[in-house]
Amino acid sequence: ASSFARMFLQVCLYFYCKCLWRCLKFVVRKLTGRCELQRICYNTKPGAARTMKIEASLKGSKSKRLQTSVSVHPDAIEKTIDDIMELKRINPDINPQLGVSLQACLLQIVGYRNLIAEVEKLRREPYDSENPQHEEMLLKLWKCLKPNSPLKARISKQWCEIGFQGDDPKTDFRGMGLLGLYNLVYFAEWDTEIAQQVLSDSLQPKYSQYSKAEWEKKKFDKAIGYSFAIVGINITDLAYNLLVSGALKTHFYNVAPEAPTLTHFQQTFCYLMHEFHKFWIEEDPLDIMEFNRVREKFHRRILKQLQNPEMALCPHFAASESLINM
């Protein structure tokens with residue numbers, strides 16, 4: 001009985017708050033002469049803070065037309081903006097900037113949904129050794145990471161040198177499908193110097209044949225001892241979960257002036273790989289058996305950073321000032 005009463009009270013409180021909120025919005029509109037979308041666009045600077053408020057406002061609207069506006073096709077965004085302006089009785093000639101701001105927000109919102117679909121498609125596509133494009137990408141990964149060491153055979157123990165578990169890497173892509181390969185190739189091709197350095201560091205066993213004193217004397221402070229490719233696939237999984245959970249909205253809405261793309265996702269992966277590499281060194285784990293603990297701690301750190309609406313994980317990928325100030 002007490003649990004039923006508690007549940008009934010929670011339901012009543014929910015509807016009371018919902019009605020109170022709608023009444024409050026109505027009063028504020030009458031006092032300011034502006035609807036909630038106008039207030040958000042005029043009072044919140046461009047970026048994640050504005051786009052996330054617009055997204056919440058549209059989703060929480062009692063109008064089905066507004067609720068569905070966050071999932072329209074990109075080509076239908078302009079018409080959707082016209083519909084919103086008409087529904088809210090906003091004169092576009094008097095409020096020209098509002099349409100521009102709403103369009104920028106909707107491009108980001110719709111783009112994020114489409115990016116999830118694109119990433120999911122890659123994740124679900126298995127590596128096929130009979131597919132020439134898949135094989136070409138795999139060989140490109142080797143050439144980017146080991147340009148001075150020719151691969152002697154497609155099936156070879158050499159793959160262990162870049163962190164795969166066996167002599168045929170295709171078995172390691174099962175968890176993340178082609179997405180894992182796409183990310184590793186992007187990192188190796190576009191951030192080559194850092195990728196090669198991370199690989200080199202990862203191959204350093206902890207203290208190895210040196211004593212601790214000799215190790216410190218030689219400044220081998222980047223001793224890691226992990227499998228580069230396997231960790232890359234694991235960090236792909238982390239990036240994928242951040243994307244699907246919506247945690248990356250903060251970052252993407254701050255760095256992509258329009259729709260976030262697969263390239264934005266891959267750039268974020270590069271950032272996560274580099275940051276995890278540094279984090280692993282800071283944590284100084286005893287061995288690879290501590291990987292899951294370190295990964296979870298790293299995951300929590302990134303999630304905490306992404307709670308800040310001003311956060312951009314890799315600011316050097318941010319849009320130009322002219323676009324941000326639109």
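Rules and cut-offs
Residues numbered from 1 in each chain as written. Predicted model: local features only at pLDDT ≥ 70, side-chain atom pairs only at ≥ 80, totals over all residues. Heavy atoms only, no water. pLDDT = per-residue confidence, 0-100. Contact = heavy atoms within 4.5 Å. Axes fitted to C-alpha atoms, helices over the stretch in contact; angles between N-to-C directions. Helix = DSSP H or I, 4+ residues; strand = E, 2+ residues; numbered from the N terminus. Left-handed = near helix turned anticlockwise from the far one by under 90°. Nonpolar A, V, L, I, M, F, W, Y, C, P; charged D, E, K, R; others polar. Buried < 20%, exposed > 50% of the residue type's maximum accessible area, 1.4 Å probe, protein only. Polar contact = N/O pair within 3.5 Å; in protein donor to acceptor, adjacent residues only side chain to side chain. Salt bridge = Lys/Arg side-chain N within 4 Å of Asp/Glu carboxyl O. Expected span 1.5 Å × (residues − 1). Patch = residues over 30% accessible without salt bridge, like charges linked within 9 Å, V, L, I, M, F, W, Y side chains within 5 Å. Areas by Shrake-Rupley, 256 points an atom, 1.4 Å probe, with all protein chains shown as cover. Disulfide = S-S within 2.5 Å. Core = buried A, V, L, I, M, F, W, Y, C linked by side-chain atoms within 4.5 Å. Domains from an automatic or database assignment.

**What about the confidence of the model for the chain?**
Low-pLDDT stretches of the model should not have their predicted coordinates read in fine detail.
And then number 1: Per-residue confidence for the chain gives a mean pLDDT of 87; residues scoring 70 or more make up 83%.
And then number 2: Confidence drops under a pLDDT of 50 for residues 27-31, and excluding neighbours within four residues, the segment shows 6 contacts in the predicted structure.
And then number 3: For the stretch residues 317-326, pLDDT sits under 50, and the model shows 13 contacts to residues farther than four places along the chain or on other chains.

**Looking at the packing of helix 7 (residues 132-145) against helix 8 (residues 177-190)**
And then number 1: Relative orientation of the contacting elements helix 7 and helix 8 amounts to 35 degrees, with a least axis distance of 9 Å. Between helix 7 and helix 8 lies a crossing whose hand is left-handed. Contacts between helix 7 and helix 8 involve His-134, Met-137, Leu-138, Lys-140, Leu-141, Cys-144 and Leu-145 from the first element and Leu-178, Leu-181, Tyr-182, Leu-184, Val-185, Ala-188 and Glu-189 from the second.
And then number 2: Within the contact of helix 7 with helix 8, the residues separate by chemical class into 11 nonpolar, 1 polar and 2 charged.

**Overview of the side chain of Thr-268**
And then number 1: Note on placement: Thr-268 falls in helix 13 (residues 262-283).
And then number 2: Its relative accessible area of 0% is what places Thr-268 among the buried residues.
And then number 3: Here His-264 takes part through its backbone oxygen, which lies 2.8 Å from a polar atom of the side chain of Thr-268.
And then number 4: Discounting chain neighbours no more than four positions away, the residues touching Thr-268 are Leu-248, His-251, Phe-252, Leu-313 and Cys-314.

**Focus on the pattern of salt bridges**
And then number 1: Evaluation of the coordinates by the stated rule reveals 18 salt bridges.
And then number 2: Among the salt bridges present, the one from Lys-140 reaches Glu-189, with a minimum N-O distance of 3.6 Å. Placement of the pair is Lys-140 in helix 7 and Glu-189 in helix 8, with a sequence separation of 49 residues.
And then number 3: Judged by its relative accessible area of 33%, Glu-189 falls in the partly exposed class.
And then number 4: Here Arg-293 makes a salt bridge to Glu-283, at a shortest N to O gap of 3.2 Å. Of this pair, Arg-293 sits in helix 14 (residues 291-306) while Glu-283 sits in helix 13, and the two are 10 residues apart along the sequence.

**Some thoughts on helix 7**
Residues lying three or four places apart along an α-helix face the same way, a consequence of the helix completing one turn every 3.6 residues.
And then number 1: With 14 residues, helix 7 should cover 20 Å at 1.5 Å per step; its first-to-last C-alpha distance of 20 Å lies within 8% of that length.
And then number 2: Every buried residue of helix 7 is accounted for by His-134, Glu-135, Met-137, Leu-138, Leu-141, Trp-142, Cys-144 and Leu-145.
And then number 3: On the buried face of helix 7, the contacting elements are helix 8, helix 9 (192-202) and helix 11 (228-245).
And then number 4: N-cap assignment for helix 7: the residue whose side-chain oxygen lies 2.9 Å from the backbone N of Gln-133 is Asn-131.

**Section: the environment of Arg-89**
And then number 1: As for its placement among the helices and strands, Arg-89 is situated in the loop between helix 5 (77-87) and helix 6 (96-124).
And then number 2: Placed 54 residues apart in sequence, Arg-89 and Cys-35 show a C-alpha to C-alpha distance of 9.4 Å.

**Details of helix 3 (residues 48-59)**
And then number 1: Taking 1.5 Å of rise per residue, the 12 residues of helix 3 would be expected to cover 16 Å, and the 16 Å separating its terminal C-alpha atoms lies within 8% of that figure.
And then number 2: If you check which residues of helix 3 are buried, you get Ala-48, Arg-50, Thr-51, Ile-54, Glu-55, Ser-57 and Leu-58.
And then number 3: On its buried face, helix 3 is in contact with helix 2 (36-43), helix 4 (64-67), helix 5, helix 6 and helix 12 (249-255).

**Let's talk about a nonpolar patch on the surface**
And then number 1: A contiguous nonpolar patch, built from Phe-4, Met-7, Phe-8 and Val-11 and spanning about 440 Å² of accessible area, is present on the exposed surface.
And then number 2: Positionally, Phe-8 belongs in helix 1 (residues 2-32).
And then number 3: The class for Phe-8 is exposed, based on a relative accessible area of 52%.

**Some points on the environment of Ile-281**
And then number 1: Residue position: Ile-281 is located in helix 13.
And then number 2: C-alpha separation for the pair Ile-281 and Asp-201, spaced 80 residues apart in sequence, amounts to 10.0 Å.

**Focus on the state of the cysteines**
And then number 1: Following the criterion strictly, the structure yields 0 disulfides and no others.
And then number 2: Free cysteine: Cys-35, not disulfide-bonded; nearest cysteine sulfur from Cys-41 at 8.4 Å.
And then number 3: Cys-105 carries a free sulfur, and the closest cysteine sulfur to it, the one in Cys-41, is 5.4 Å from it.

**Concerning the nonpolar core**
And then number 1: Ile-54, Leu-141, Leu-181, Phe-265 and Leu-272 are the most contacted members of the largest nonpolar core, which totals 82 residues.
And then number 2: Two domains each donate at least three residues to this core, and these are domain 1 (34-123) and domain 2 (128-307).
And then number 3: For Leu-141, the residues in contact, after removing those within four places along its chain, are Ile-162, Phe-164, Leu-181, Leu-184, Val-185 and Ala-188.

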